[in-house]
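Next come the chains, spelled out residue by residue.
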Amino acid sequence: MGEKAVNANIKIMGTDVSDLCIRNARIGIYPESSLDGVSAERLKVYFVRIEGGYQIAKFVRDLCLFAVHDICKDPPFSKLDLIICRNVLIYMGQALQSRAIESFHYGLNPKGHLMLGHSESMSGYAKLFESLDSVHKLFTKKASRVSLATERAFRRFMGKAPGPLTRAAVSAPLLSKLATARRLAC
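Procedures and definitions
All residue numbers refer to position in the chain's written sequence, counted from 1. Local features in this predicted model are restricted to residues of pLDDT 70 or higher, and side-chain atom pairs are both shown and tallied only at a pLDDT of 80 or more, whereas totals for entire chains, interfaces and linings draw on every residue. Side-chain calculation: all heavy atoms of the structure are included, whereas hydrogens and water are not. Here a helix means four or more residues in a row that DSSP labels H or I, a strand means two or more in a row labelled E, and each is numbered from the N terminus. Residues count as neighbours in contact if any of their non-hydrogen atoms are within 4.5 Å of one another. Accessible surface is estimated by sampling points in the Shrake-Rupley manner with a 1.4 Å probe; for residues, cover comes only from the protein chains shown. Whether two aromatic rings pair depends on their centres lying within 6.5 Å, for rings of Phe, Tyr and Trp, where Trp uses its six-membered ring; planes under 30 degrees apart make the pair stacked, over 60 edge-to-face, and the rest tilted. Relative accessibility thresholds used throughout: buried, under 20% of the residue-type maximum; exposed, over 50%; partly exposed, between the two (1.4 Å probe, protein chains only). Note on pairing: two strands pair once DSSP finds at least 2 bridges between them. Polar contacts, as counted here, are pairs of nitrogen or oxygen atoms within 3.5 Å of one another; within protein the pair requires one atom able to donate a hydrogen and one able to accept it, and residues that are adjacent in sequence qualify only if both atoms are side-chain atoms. Lines fitted to the C-alpha atoms define the axes, with helices restricted to the stretch that makes contact. Angles between their N-to-C directions range from 0 to 180 degrees.

**A word on the overall build of the protein chain**
Part 1 of the reasoning: When helices and strands are counted, the protein chain shows seven helices and nine strands.
Part 2 of the reasoning: Sequence-distant contacts, at least 24 apart, represent 53% of the contacts inside the protein chain between residues at least 6 apart.
Part 3 of the reasoning: When the accessible area of the protein chain is evaluated, it comes to approximately 12500 Å², of which 58% is carbon and sulfur surface.

**Some details on the packing of aromatic side chains**
Part 1 of the reasoning: Per the counting criterion, the structure on display carries two aromatic pairs.
Part 2 of the reasoning: Each ring, one from Y46 and one from F59, has its centre 6.0 Å from the other, and the planes form 40°; the classification is tilted. Here the residue Y46 occupies a position in helix α3 (residues 40–46), and F59 occupies one in helix α4 (residues 58–61), the gap between them amounting to 13 residues.
Part 3 of the reasoning: You can call F59 partly exposed: its relative accessible area is 35%.
Part 4 of the reasoning: Both rings, one in F47 and one in Y54, keep their centres 6.3 Å apart while their planes meet at 80°; by these two values the pair is edge-to-face. As far as burial versus exposure is concerned, F47 and Y54 are alike and both buried.

**Observations regarding the pairing of strand β8 (residues 129–133)**
Part 1 of the reasoning: Summarising the sheet, β8 and strand β9 (residues 138–141) pair through four bridges and their orientation is antiparallel. Bridging across to β9, E130 finds its partner in T140.
Part 2 of the reasoning: Hairpin remark: β8 followed by β9, antiparallel, with four residues in the connecting loop; positive phi at K137, about 55°.

**Things to note about helix α2 (residues 19–27)**
Part 1 of the reasoning: Where α2 begins, the capping side chain belongs to S18, and its oxygen is found 3.3 Å from the backbone nitrogen of L20.
Part 2 of the reasoning: Two residues or fewer after α2 comes G28, characterised by a positive phi angle close to 70°.

**Describing the sheet that holds strand β4 (residues 53–56)**
Part 1 of the reasoning: Strand order across the open sheet formed by three strands is β2-β4-β3, with antiparallel pairing between neighbours. Lying at the two open borders of the sheet, with one neighbouring strand each, are β2 (29–31) and β3 (47–50). In this sheet, neighbouring strand axes are inclined to one another by 30° on average, regardless of whether the strands run parallel or antiparallel.
Part 2 of the reasoning: Of the strand pairs in this sheet, β3 and β4 are connected by four bridges, and their pairing is antiparallel. Considered in β4, the bridge of R49 is made with Y54.

The analysis is restricted to geometry; functional conclusions fall outside its scope.
What follows is the structure in structure tokens.
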């Protein structure tokens, strides 16, 4: 986007479970050797030379928000246009992968995109995402059946109802029971 990015409403959010990784990301300092593939023009525009390497330019760092966040335990972020999750899911079992992918689906805007790492797969999630580019692992969100929060609360209340939920499965009487149970629990 170049100079257009300065006037655009862009926020880049970086998360990790490690506080140390987040602190390092906020600083944005890279050794020269790690930027071998970056052109001299990009280095000049987006980085500042410092002793021992480069630091990401302040105008880029100002677009970024970093937070410690566990994609499988913490509530998902919402209203995102793009989620890039590269080489994380491959280290998870099927249950955690499913929870993470459902959270990504919930967090994306209706036309939002998800990009995964080359070793990661979306098999089994065709109801949630459509493949846009299989080589680069880029997917777009499909319309949702029921919100993630409603589905999770319903499954907890009903003792893990089998199969995917649809709006028909989450009928008004069941939602009423769920709401009553939640009020009593508080």
